[in-house]
Amino acid sequence: NSGHALLTRYSQGIRKETYSSTEVVLVAEVLKLIASGYIAFRDVSDTDAVGKGFAKLLWLVLHAQKIIVLVLLYSAGNLLAYYALARIEASVYTVLLQLKILTTAAFSVIYMERYLSSNKWRALLLLVIGCILVASPSFKRSPLQSCEMLLRAAATGNDYSTPSVKSIRNSSIGNATTAVSNWETVLGVSAILLMVSITGYSAIYFEKMLKKEGEKITIWERNFQLALYSTLLLLGVTLSERYINYDNSNSEEESSQYFSGWTVNTVMISLIQATGGLLVAATLKYADAVLKTLATSGSIVISAVLGYLFLEGSLDMFVSLGALCTILAITNYTFSDVTNTIS
């Protein structure tokens, strides 16, 4: 996550490279599809997937209803992010987005029957505060800059497909002068609260699928299913963006070029994102979704420090205090009393 965030910052913030973020995510999913498909193809371990080789891959394609639900949840969250950012300030979005830490923990208790002590809940609350403080530099950005940053950051958590910066500029999100009513603000806040709930539920849904479902499906087989249907979804998003850009472009040549603006940095970002996506499933399989949020929060601190040292990032008093809160929260959660399973 830190490597992805820093390289994206260097590519688009320092080098001013322009490319479609959706295409970056699409390439990352294709790489995940190839890697996980190859391993699932060669894997001979005990699994409920019927057949071997291509027959097994075909069975996985046809028996992926649970994964399709997960992809639809991700899509719903992405749409809600668009809806919310069109109606609330990016600073409000940043603050409310951190509530996904608490929703993930809450769904972990409800669906995975975990017990989280008061010490762990206190650590999670401190983690939310720390993440808000670390993200405080986004409060000073213009609405357009903040929307671009927040939507690009969504991809680092591998939660949602990230729309391209160009499509944001062509949407109502990029209209910084649009006045919204109080009722629309309420709708925007409701949308982001629903989105963080979907985010928390999706993480636990995927974890439960990997750990407790009756089917015995390997991590690589699940990654293959998820990458396949995510790729199909992203292909549709890419084509729709191209159609929208064609209608808003003054040049037919500009609107018809795929993968325009790609550099070595862009390829590296896709590779890092693909690797991170594969590691998410392993994290959920051998750890849990709450620990994943802790690791993601820790990567935010690393990104802030390295960004300040090498990319002229901001590291003021609030960011420093947020980094300290995040480190204390992770330490407190990790070394508090052991989580027990509710009998």
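In case you missed it, the structure is sitting above this.
From a predicted model like this one, the values you see are computed outputs, not experimental measurements.

Analysis parameters
- Residues numbered from 1 in each chain as written.
- Predicted model: local features only at pLDDT ≥ 70, side-chain atom pairs only at ≥ 80, totals over all residues.
- Heavy atoms only, no water.
- Buried < 20%, exposed > 50% of the residue type's maximum accessible area, 1.4 Å probe, protein only.
- Helix = DSSP H or I, 4+ residues; strand = E, 2+ residues; numbered from the N terminus.
- Arc of directions from axis to C-beta.
- Contact = heavy atoms within 4.5 Å.
- Core = buried A, V, L, I, M, F, W, Y, C linked by side-chain atoms within 4.5 Å.
- Phe/Tyr/Trp six-rings, centres within 6.5 Å; stacked < 30°, edge-to-face > 60°.

**Student:** Help me understand helix H3 (residues 54-62) in this model?
**Tutor:** A turn of α-helix holds 3.6 residues, and therefore any two residues three or four places apart point the same way. For H3, the set of buried residues is Lys56, Leu57, Trp59 and Leu60. Here the buried residues of H3 occupy an arc of 160 degrees about the axis, which is enough to place them on one side. Opposite the buried face of H3, at more than 90 degrees from it, the exposed residues are Phe54 and Leu62.

**Student:** Help me understand the side chain of Ser202 in this model?
**Tutor:** Turning to its location among the elements, Ser202 is positioned in helix H10 (residues 182-211). Filtering out sequence-adjacent residues up to four positions away, Ser202 remains in contact with Leu70, Leu73 and Tyr74.

**Student:** What am I meant to see in the nonpolar core here?
**Tutor:** Where a protein is soluble and globular, its nonpolar side chains tend to be buried together. Leu60, Ile67, Leu70, Phe206, Leu226 and Leu284 are the most contacted members of the largest nonpolar core, which totals 30 residues. If you list the elements that add at least two residues to this core, you get helix H2 (21-42), H3, helix H4 (65-85), H10, helix H11 (219-248) and helix H13 (264-286). Counting 14 residues, the second-largest nonpolar core is a separate cluster that includes Leu73, Leu80, Leu85 and Leu97.

**Student:** Whenever I open this one, the packing of aromatic side chains confuses me. Can you help?
**Tutor:** What describes a pair of aromatic rings is the distance from one ring centre to the other and the angle between the planes of the rings. Tallied over the full model, the rule gives five aromatic pairs. Residues Tyr111 and Tyr201 carry aromatic rings whose centres are separated by 5.5 Å and whose planes lie at 70 degrees to one another, so their mutual orientation is edge-to-face. One end of the pair, Tyr111, is in helix H6 (residues 100-111); the other, Tyr201, is in helix H10, and 90 residues separate them in sequence. Overall, Tyr111 belongs to the partly exposed group, its relative accessible area being 36%. Owing to a relative accessible area of 27%, Tyr201 belongs among the partly exposed residues under this scheme. With centroids separated by 5.9 Å and ring planes inclined at 35 degrees, the aromatic side chains of Tyr201 and Tyr205 adopt a geometry described as tilted. Here Tyr201 pairs with Tyr205, and both are found in helix H10, just four residues apart, close to one helical turn.

These results come straight from atomic positions and should not be treated as a statement about function.
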